[in-house]
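# Examining the three-dimensional arrangement
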Number of protein chains: 2
Amino acid sequence: MDRKQEILEVATELVQTHGYSAFSYHDLSERLGITKASIHHHFAGKADLGFAVAEKCLQDIAAALTASKQSSNDPWKQIEGYFAIVSSDIRSQERICPAGSTQADINVVPEPMAEKMIELVQYIVSWLSDIIKDGRDQGVMTFPGTPREQAELIFSAAQGAMQYGRANGEKRGLSVLKQIKATLKPKR
Amino acid sequence: MDRKQEILEVATELVQTHGYSAFSYHDLSERLGITKASIHHHFAGKADLGFAVAEKCLQDIAAALTASKQSSNDPWKQIEGYFAIVSSDIRSQERICPAGSTQADINVVPEPMAEKMIELVQYIVSWLSDIIKDGRDQGVMTFPGTPREQAELIFSAAQGAMQYGRANGEKRGLSVLKQIKATLKPKR
DNA sequence: GATTGTCTACCTTCTAGTAGATAGACTATC
DNA sequence: GATAGTCTATCTACTAGAAGGTAGACAATC
């Protein structure tokens, strides 16, 4: 039972660092010190494992974002929960958002996994949208267009920031993240 | 000689649609109607082909952006050259920026190709930076921080928009692009 | 006659996935 | 409490196919 979680965690890491198509059962088996066949015992095929990774990511992020929203009434503190996750991925210099990795590989990833990841993306966009709507209503955030449109921009920019940061250095990635926040701040 | 260009074009397309690691010499040979061995005659190995793709992309984008900059003195018209390329990739619903595809796959792609792609990224960021600096000086664009920081944000957001658009539909991708422009516009 | 572009036929390595065996832990029954 | 059956997690050993790549032959062209 523990093993299954262990496999899932390493697989998630590999999806974030190398992408779905570029990691193998062999890689997993070496990392975990068990044989490929044992992994097949827990996850029948790579597609099943990929789907499980997507499900786990959705659950984890939903839990983290829900907690962050409930922890305060200040939209800036709420949204910081998302930025903190992005920031830690950038700081790792290896991981990018699994959704980003999957979006980039969308033509290669098995359908059910891709669908779950899109669900994850939509979850984040809705969550962001709610918060910046409050922020605008309270006069502490400014942006053009609808909250959803701006939420999609923030999400896209954050995805890009993680990839940019991994390729060009932590400092540059964090700079983009800072700039996203600056763009939201009122009275320029 | 023509063949070499032909291979390069199809390879570029495959990098954009499937990513470097997820396309094969076999795929290429089927698309082109020649054998794998013939492709090896033109490009000794996959890494060489990948590097050539990156070089071609850099040349193409540099030519397009230079032309766009020279075509006008209006920063909004100049920057539209970049947005038009992003927009056409989004509209294709298949292609994303090759640099984005490579950034997402950075741990998998051969070093020289990755370096060329980073060169390409830096080229675009510098180009954007110059234009929005002019835009701000002329009072037709507004943004917080330095031009470079804002250029990195625009680039990251555009990368994200292409990936978001491919996974969630052309309409959503174009909406993000619109929002990037809106954010740059003064007097909100 | 050398060069260029293509072919067929092959090699090696890696891939996901399968078959079948084994050892240990739980669970019912005698 | 011993016995028999079942379940779980693992193993070794294998398969078929795809991957990148090579060797050498054959025409056509310059």
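Structure shown above.
If you're wondering where the values come from, they're calculated on a predicted model, not measured in any experiment. (Residues numbered from 1 in each chain as written. Chains lettered and ligands numbered in written order. Predicted model: local features only at pLDDT ≥ 70, side-chain atom pairs only at ≥ 80, totals over all residues. Heavy atoms only, no water.)

### Details of the protein's contact with DNA strand D
The local shell around DNA strand D holds 18 residues, among which R3(A), T35(A), S38(A), H42(A) and K46(B) are the closest. Take the atoms of DNA strand D that sit within 4 Å of the protein: sugar and phosphate atoms are 57% of them. With respect to DNA strand D, the side chain of K36(B) contributes an N or O atom lying 3.0 Å from a base oxygen. Of all the elements in the fold, those that place two or more residues in the surface near DNA strand D are helix 3 (36–42) of chain A together with helix 2 (25–32) and helix 3 (36–42) of chain B. The leading source of residues in the surface near DNA strand D is helix 3 of chain A, at four residues. For the surface near DNA strand D, the per-class residue count stands at six nonpolar, nine polar and three charged. (Near = heavy atom within 4 Å. Polar contact = N/O pair within 3.5 Å; in protein donor to acceptor, adjacent residues only side chain to side chain. Helix = DSSP H or I, 4+ residues; strand = E, 2+ residues; numbered from the N terminus. Nonpolar A, V, L, I, M, F, W, Y, C, P; charged D, E, K, R; others polar.)

### Remarks on the packing of helix 5 (residues 75–92) of chain B against helix 8 (residues 147–168) of chain B
Two measures define how a pair of helices packs: the angle their axes make with one another and the distance between the axes. Residues and elements named next belong to chain B. Relative orientation of the contacting elements helix 5 and helix 8 amounts to 20 degrees, with a least axis distance of 9 Å. By the angle between their axes, helix 5 is roughly parallel relative to helix 8. Note that helix 5 runs across helix 8; the crossing there is right-handed. Residues Y82, F83, V86, D89 and I90 of helix 5 pack against I154, F155, A158, A161 and M162 of helix 8. A class-by-class count of the residues in the contact of helix 5 with helix 8 yields nine nonpolar, no polar and one charged. (Axes fitted to C-alpha atoms, helices over the stretch in contact; angles between N-to-C directions. Parallel < 35°, antiparallel > 145°, perpendicular 65-115°, else oblique. Left-handed = near helix turned anticlockwise from the far one by under 90°. Contact = heavy atoms within 4.5 Å.)

### A few points about the relation of the copies chain B and chain A
Mapping chain B onto chain A leaves a residual RMSD of 0.0 Å; the transformation is a rotation of 180 degrees accompanied by 0.0 Å of translation along its axis. Accordingly, the operation relating the two chain copies is best matched by a two-fold axis. Of the C-alpha atoms belonging to chain B, the one lying closest to the rotation axis is found on A157(B), 1.9 Å away. Comparing interface residues between copies, 100% of those in chain B also lie at the interface in chain A; the contact surface is shared. (Least-squares fit on C-alpha atoms with pLDDT ≥ 70 in both.)

### Quick look at the protein's contact with DNA strand C
Taken together, 18 residues lie near DNA strand C, and K36(A), K46(A), R3(B), S38(B) and H42(B) sit nearest. The sugar-phosphate backbone supplies 55% of the atoms of DNA strand C found within 4 Å of the protein. Separating a phosphate oxygen of DNA strand C from a backbone N or O atom of T35(B) is a distance of 2.8 Å. Within the side chain of H42(B), one N or O atom sits 2.7 Å away from a phosphate oxygen of DNA strand C. Elements supplying a minimum of two residues to the surface near DNA strand C: helix 2 (25–32) and helix 3 of chain A together with helix 3 of chain B. With four residues, helix 3 of chain B is the single largest residue contributor to the surface near DNA strand C. Looking at the surface near DNA strand C residue by residue, the class counts come to six nonpolar, nine polar and three charged.

### A look at empty space enclosed by the protein
Tallied over the entire structure, the rule returns one cavity of 30 Å³ or more. What the largest cavity holds in volume is close to 100 Å³. If you trace the largest cavity, you find it lined by Q150(A), L153(A), I154(A), A157(A), I180(A), T183(A), Q150(B), L153(B), I154(B), A157(B), I180(B) and T183(B). Contributions of two or more residues to the lining of the largest cavity are made by helix 8 (147–168) and helix 9 (170–184) of chain A together with helix 8 and helix 9 (170–184) of chain B. Counted by class, the lining of the largest cavity contains eight nonpolar, four polar and no charged residues. (1 Å grid on protein atoms, 1.4 Å probe; cavity = no way out; pocket = protein on both sides within 12 Å on 5 of 7 lines; lining within 4 Å. Points joined across faces, edges and corners; volume = space filled by probe spheres on them.)

### Notes on the interface of chain B and chain A
Across the contact, 45 residues belong to chain B and 45 residues belong to chain A. Between chain B and chain A, the buried area comes to about 3,800 Å², and carbon and sulfur atoms account for 50% of it. For R172(A), the salt bridge is made with E152(B), and the minimal N-O distance between the two is 2.8 Å. Where chain B meets chain A, there are 19 residue pairs in polar contact (both at pLDDT 80 or more). Of all the elements in the fold, those that place two or more residues in the side of chain B that touches chain A are helix 1 (2–18), helix 6 (98–104), helix 7 (111–137), helix 8 and helix 9 of chain B. No other element matches helix 8 of chain B, which puts 15 residues into the side of chain B that touches chain A. Among the residues making up the side of chain B that touches chain A, the classes are represented as 19 nonpolar, 17 polar and nine charged. (Buried area = accessible area lost by both parts, 1.4 Å probe. Salt bridge = Lys/Arg side-chain N within 4 Å of Asp/Glu carboxyl O.)

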